[in-house]
Amino acid sequence: MKYLLLLSLTLLPLFAKIDIELSNGAVANAQTLLIKLHADAEEPKMSRIYAAFEGKRYPFYRNKFEQGRSFYALIPVSYYAKPKESRLTVVHIENGKKFYNSYLIEIYKGDYKSEKLSVAPSRAQISAKNRKRIARERKEAHKIYRTSTPRLYIKKALSLPMESKITSAFGNRRLFNGVLKSFHSGTDFRAKTGTPIRAVADGRVVLVKNRFFAGNSVIIDHGQGIYTGYYHMSRFKVRKGQFVKRGQILGLAGATGRVTGPHLHFEVHVNGTLVDPLQFIETADLLFWK
Ligand SMILES: [Zn+2]
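Residues numbered from 1 in each chain as written. Predicted model: local features only at pLDDT ≥ 70, side-chain atom pairs only at ≥ 80, totals over all residues. Heavy atoms only, no water.

Here the focus is the nonpolar core. One finds Leu158, Tyr230, Leu250, Phe266 and Phe280 to be the most contacted residues of the largest nonpolar core, which totals 35 residues. Going through the elements one at a time, strand S8 (69–76), strand S18 (215–223), strand S19 (226–236), strand S21 (249–253), strand S22 (263–270) and helix H2 (277–284) are the ones with two or more residues in this core. (Core = buried A, V, L, I, M, F, W, Y, C linked by side-chain atoms within 4.5 Å. Buried < 20%, exposed > 50% of the residue type's maximum accessible area, 1.4 Å probe, protein only. Helix = DSSP H or I, 4+ residues; strand = E, 2+ residues; numbered from the N terminus.)

Turning to the environment of tyrosine 108, a few remarks are in order. Mapped onto the elements of the fold, tyrosine 108 is located in strand S10 (residues 97–108). Here tyrosine 108 falls in the partly exposed class, since its relative accessible area comes to 34%. Along the sequence, tyrosine 108 and lysine 84 sit 24 residues apart, while their C-alpha atoms lie 6.7 Å from each other. Those residues in contact with tyrosine 108 that lie beyond four places of it in its chain are Ala26, Val27, Ala28, Asn29, Gln31 and Pro83. (Contact = heavy atoms within 4.5 Å.)

Looking now at the environment of arginine 204. Take arginine 204: it is sitting in strand S17 (residues 203–211). Judged by relative accessible area, arginine 204 falls into the partly exposed class, the value being 29%. Between the C-alpha atom of arginine 204 and that of glycine 241, which follows or precedes it by 37 residues, the distance is 6.2 Å. If we skip the residues at most four places from it in the chain, arginine 204 touches Tyr153, Ile219, Ile220, Asp221, Gly241, Gln242 and Phe243.

The next thing to look at is the environment of tyrosine 227. Position of tyrosine 227 relative to the elements: it lies in strand S19. Taking the relative accessible area as the measure of exposure, tyrosine 227 reaches 2% and is therefore buried. In this structure the C-alpha to C-alpha distance between tyrosine 227 and leucine 274, which are 47 residues apart in sequence, comes to 9.4 Å. Those residues in contact with tyrosine 227 that lie beyond four places of it in its chain are Ile144, Tyr145, Thr147, Thr149, Val206, Ile219, Ile220, Asp221, His222, Glu267, Val268 and His269. A polar atom in the side chain of tyrosine 227 sits 3.0 Å from the backbone oxygen of isoleucine 144. (Polar contact = N/O pair within 3.5 Å; in protein donor to acceptor, adjacent residues only side chain to side chain.)

This next bit is on the packing of aromatic side chains. Under the counting rule described, the total for this entry stands at 13 aromatic pairs. For the pair tyrosine 79 and tyrosine 80, a centre-to-centre distance of 5.7 Å together with 85° between the ring planes defines the contact as edge-to-face. Given a relative accessible area of 10%, tyrosine 79 falls into the buried group. Taking 5.5 Å as the distance between ring centres and 75° as the angle between the ring planes, the aromatic pair formed by tyrosine 153 and phenylalanine 243 counts as edge-to-face. (Phe/Tyr/Trp six-rings, centres within 6.5 Å; stacked < 30°, edge-to-face > 60°.)

Attention now moves to the confidence of the model for the chain. Low-pLDDT stretches of the model should not have their predicted coordinates read in fine detail. Averaged over the chain, the pLDDT score is 89; the fraction of residues at 70 or greater is 89%. In the predicted structure, residues 10–14 sits below a pLDDT of 50 and forms 5 contacts with residues beyond four places in sequence or in another chain. (pLDDT = per-residue confidence, 0-100.)

Once that is clear, we can look at the pattern of salt bridges. The final tally for this structure, using the stated rule, is 7 salt bridges. Here lysine 113 and aspartate 111 are joined by a salt bridge, their closest N and O atoms 3.5 Å apart. By relative accessible area, aspartate 111 is classed as exposed at 66%. Its salt-bridge partner being aspartate 202, residue lysine 245 comes within 3.6 Å of it at the nearest N-O pair. Of this pair, lysine 245 sits in the loop between strand S20 (243–244) and S21 while aspartate 202 sits in the loop between strand S16 (196–198) and S17; the two residues are 43 residues apart in sequence, bridging distant segments of the chain. For aspartate 202, a relative accessible area of 9% translates into the label buried. When salt bridges with common partners are traced through the structure, they connect Lys155, Asp202 and Lys245 into a single cluster. (Salt bridge = Lys/Arg side-chain N within 4 Å of Asp/Glu carboxyl O.)

Okay, structure coming up:
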């Protein structure tokens, strides 16, 4: 079980009695790290807590699944992060004073496979009109992922969008004519056209749209920087702005967008970074484990 890997690092009571737990001491590129922080109830109020990692800052949120003064932060590692030891610093402000706690996190190379694709250069060409459309859709998606809703809608451990065989794992490197062009940005589930696709957690539907690559797409905001995406649908069953429950049908599987056949492509973004969906679900489980 994953939670056995929890490292408990109790700090000396030089200042506040805080307890920091990291889900992993080592993470692969595109994986997510969970930090839990527990503060002693006797301690003065902490005005602000954040984590700094790989040049970015991540907020801590109150962990409503645990009693007392518990907080959590999700730290996504970029797919493009190079293997190295990287410093993670948890900063908290107490009575106007800043306190720092640093840890060395090992970033290792994920075990992602390579897919070699040979295409005639002419077939890989995209028209100027479609290039504009792709750029517009990318911009719209980035704007969504950069927005963090302060409230967390998730109420329990995340489920899967469907029970089916995984036909293509996240992270596969895609080499077109020997050149790394892209990597697989989600997890693919085998699905005949018409198979129901379900929300993995409660949230608000923020995008229902036909897009060039992703086809009919639904994106759900789960709050606090967590988003899930469901692509290539044949039919939508939700509207933009609607609140959905975990397990609710969002749409039916299909083969819309740039695909070779019907399937579900499932994606997860955390705090603005695309991550391995299944590793994220496993890591998020630790939030609910006391
Ligand atoms: Zn896919």
